[in-house]
Amino acid sequence: MTNSAKKILISSSFILFPFALLAHGVSSGDQEILNNGGLLSYIYVGAKHMVTGYDHLLFLAGVIFYLKSFKDIVRFITVFTIGHSITLIGATYLGIQANEHLVDAVIALSVLYKGFENLGGFEKYLKVKSPNLLPMVFIFGLIHGFGLSTRLQSFEVGSSQFLAKIVSFNIGVELGQILALIPIVFVITKWQTKNSYNAFYKAANFYLVIAGIGLFIYQMYGYFYGH
Amino acid sequence: MKKILFALIAFVLFSSHVMYLKLDSYFLEPDTKATIQLFNGTFDKSENVITRDRMLDASLLGNGQRIKVADSQWTEKDSVTLLNFQAGAAGTWVAGISTAPRSIEMDAEAFNTYLEHEGILDMLTFRKENDELEDAAVEKYSKHVKTIFQVGNKRTNDWETALGYPIEFVPLDNPYDLNTGDSIRVKLLFNGEPLANQLVYADYKAPEDAHTHDDAEAEDGHSHDEETEHSHEPKSESGHINQGEKVKNEHSHTDEASHSHDDGTTEHSHDDNVEHSHSHDNEPESTHSHKETDEEGHTHDDTNEEGHSHVGTTEKEHSHDSGETAPHQHTSGQQLRSNADGIVTAKLTADGIWYLQTIHLVKTEEEGFTHESNWTTLTFEVVHAHGADTHTHENEEEGGIPSYVYWIGSLLLVGLLFFWFNRKK
């Protein structure tokens, strides 16, 4: 393993995975920010949530691993964005809620799904061709958007400028997504030229599988035993 | 004889009313209209309104100023007395009501049952030990209740100010600096002095969803079918409280004549072949009644662990018997006892509206009375995140595992996987 590969590994590990740890980053201070700021505060909190919302980023990282060209990345991210915007705006506006642990558990499964697919799990273990990723990304986008909506609804948004606040939050999510994607795309595409990429690819996607399972168990535990 | 006994018990069961101050949300925006509901009954259902002439004091305390509530601020809806006010400047506010004493006469049996049901166990023990179980009682009682709510985000220290009631809970911690999982220390004052060794009950009512409010419930604390002749709140009408139930719980009614309580643990049943009525407070509005025939059994399904079941089919099933040995109480949740400094510590185990209550009942030499009681409650809301007015989730807090553990774990995992695959290559 070359020194440059080591460097990339370390930096990418910081960029990609530890987001898991910040959890959903919707801190107590956020409500105050929302209370005291205008629409900009919703953009900020949306962006913050996306940047620190590890499960969304793990899924996106998984999607990017799968893609070969920058054009594809833009296409898939656009579809994911459309998907999550539909449910984020729609569900929040209509006040549709679900248990956050259950929604997050499904999102965790999407992370697992992507890692499994990237490792060729469908062909290797299920002996089937993996489903077309574009519609899958759209469906997962819908689910992730519902998760984001559940989070937004956990704030006291108030009734004034309701739609504008939701849209602002959504804009923030997109900005956060772009911010987070830049280093992810950078690391993955840079590493693709290295000899060690194959090991990195496997390691990262194995991690996605493990993280997906772990997050799923964590959320289900929260569902059954959380308050 | 048995029927008389049941009628008597039913009378007692449904006659003691605990008073609470409740809000739909204990988090208010500054300078907005708000309503505090004065419940007299159970935490779930108010049985009667409190007339203004009964109130010796009604105050709002915020930002160091104590504001007397004007008579014109009160309205009534169903059996709930409503205090309408404008939430003032941001801060932690206190509202309090102190009522004038009243009296009630009870024969020995009824008095013993009442002591048991209301969890006034010390007096019951005293009566047992001093061969006073056969003594009737004339009790002078008064109620003094408080609630603490948060306006805006700014915390102020008004919560620690005593209102000077005959009996009151004064927190030692601002409830709105606390979150689920924390403990609150509360000092119990009786005539301004710490009251040691007093039984205090702490319980909560969990919201179904911390982020919504059931308006129907909020308005009258009760969402039962209007057509039914009687109305059962999940916590029952006898002043007992159960831990851990939801605002909108599984309580269900199939029809007018049949509904059920079954909570699996403790059990008691009521023969509803008698008409229960409320007369403790001598209010004209005390109209809650139970009219059932033998055939009309009803049951309640509750989620709570400590509760009771109403079956109401035959007299034999009624297990309220003065001779029963296992104490049957209508107070549940945490049973606490104040220490030498009058302090109790309640563990705030879940999100919800928390209430502390105690009835200080002693013998009195005052002419015309055998006993005197002072009732007090304190209500406040507890949420599960830092920043009391937020409803947020942080996995770190919920899971109790610091983030850096995940950080290091994830890094190690990816690193190990990488080296593993790199070597295999």
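Since we're looking at a predicted model, the values are computed, not measured.

(A) Quick peek at the sheet that holds strand β3 (residues 33-41) of chain B. Residues and elements named next belong to chain B. Judged by pairing direction, the sheet is antiparallel, and its four strands sit side by side in the order β1-β3-β7-β6 without closing on themselves. What marks the edges here is a single partner per strand, and that holds for β1 (18-22) and β6 (74-77). Taken pair by pair, the neighbouring strands of this sheet meet at an average axis angle of 25°, ignoring direction.

(B) Examining the packing of helix α2 (residues 108-117) of chain B against helix α3 (residues 121-129) of chain B more closely. All names here are of chain B. The geometry of α2 relative to α3 is characterised by a closest axis approach of 8 Å and an angle of 140° between their N-to-C directions. The angle between α2 and α3 places the two elements in the oblique class. The element α2 and its partner α3 pack so that their crossing is left-handed. Contact residues: Ala108, Phe111, Asn112, Leu115 and Glu116 in α2; Leu121, Met123, Leu124 and Arg127 in α3. Partitioning the contact of α2 with α3 into residue classes produces six nonpolar, one polar and two charged.

(C) Up close: the pattern of salt bridges. All chains considered together, the criterion is met by 14 salt bridges over all chains. The partner of B:Lys205 in a salt bridge is B:Asp44, with the nearest N and O atoms 2.2 Å apart. Linking B:Lys205 in strand β14 (residues 199-205) with B:Asp44 in the loop between β3 and β4 (55-62), this pair joins segments that are 161 residues apart in sequence. With relative accessibility at 5%, the residue B:Lys205 sits in the buried group. Residue B:Asp177 pairs with B:Arg155 through a salt bridge whose shortest N-O separation is 3.8 Å. Taken together, the residues B:Asp177 in the loop between β11 (167-171) and β12 (183-190) and B:Arg155 in the loop between β10 (137-151) and β11 connect sequence positions 22 residues apart. Residues participating in the shared-partner salt-bridge network are A:Glu100, A:Asp104 and A:Arg151.

(D) Quick peek at the packing of helix α5 (residues 54-66) of chain A against helix α6 (residues 70-94) of chain A. All names here are of chain A. Put simply, α5 and α6 touch, their axes get as near as 10 Å, and they point 145° apart. The interaxial crossing formed by α5 with α6 has right-handed handedness. Judged by residue contacts, Phe59, Leu60, Val63 and Ile64 of α5 engage Ile73, Phe76, Ile77 and Phe80 from α6.

(E) Main features of the pairing of strand β17 (residues 334-337) of chain B. All names here are of chain B. Residues of β17 alternate between two faces, with Gln334 and Leu336 buried on one and Gln335 and Arg337 left unburied on the opposite face. Note that β14 and β17 share four bridges and pair antiparallel. Paired with Val200 across the bridge in β17 is Leu336.

(F) Here's a closer look at α3(B). Residues and elements named next belong to chain B. Inspection of α3 places Leu121, Met123, Leu124 and Arg127 among the buried residues, and these make up the whole buried set. An end-on view of α3 places all buried positions within 160° of arc, on one side of the element. Next to the buried residues of α3 lie α2, β14, β17, β19 (352-363) and β20 (371-382). Positive phi shows up at Asp131, right after α3, with a value of about 50°.

Cut-offs used in this document
Residues numbered from 1 in each chain as written. Chains lettered and ligands numbered in written order. Predicted model: local features only at pLDDT ≥ 70, side-chain atom pairs only at ≥ 80, totals over all residues. Heavy atoms only, no water. Pairing = 2+ DSSP bridges. Helix = DSSP H or I, 4+ residues; strand = E, 2+ residues; numbered from the N terminus. Axes fitted to C-alpha atoms, helices over the stretch in contact; angles between N-to-C directions. Parallel < 35°, antiparallel > 145°, perpendicular 65-115°, else oblique. Left-handed = near helix turned anticlockwise from the far one by under 90°. Contact = heavy atoms within 4.5 Å. Nonpolar A, V, L, I, M, F, W, Y, C, P; charged D, E, K, R; others polar. Salt bridge = Lys/Arg side-chain N within 4 Å of Asp/Glu carboxyl O. Buried < 20%, exposed > 50% of the residue type's maximum accessible area, 1.4 Å probe, protein only. Arc of directions from axis to C-beta.

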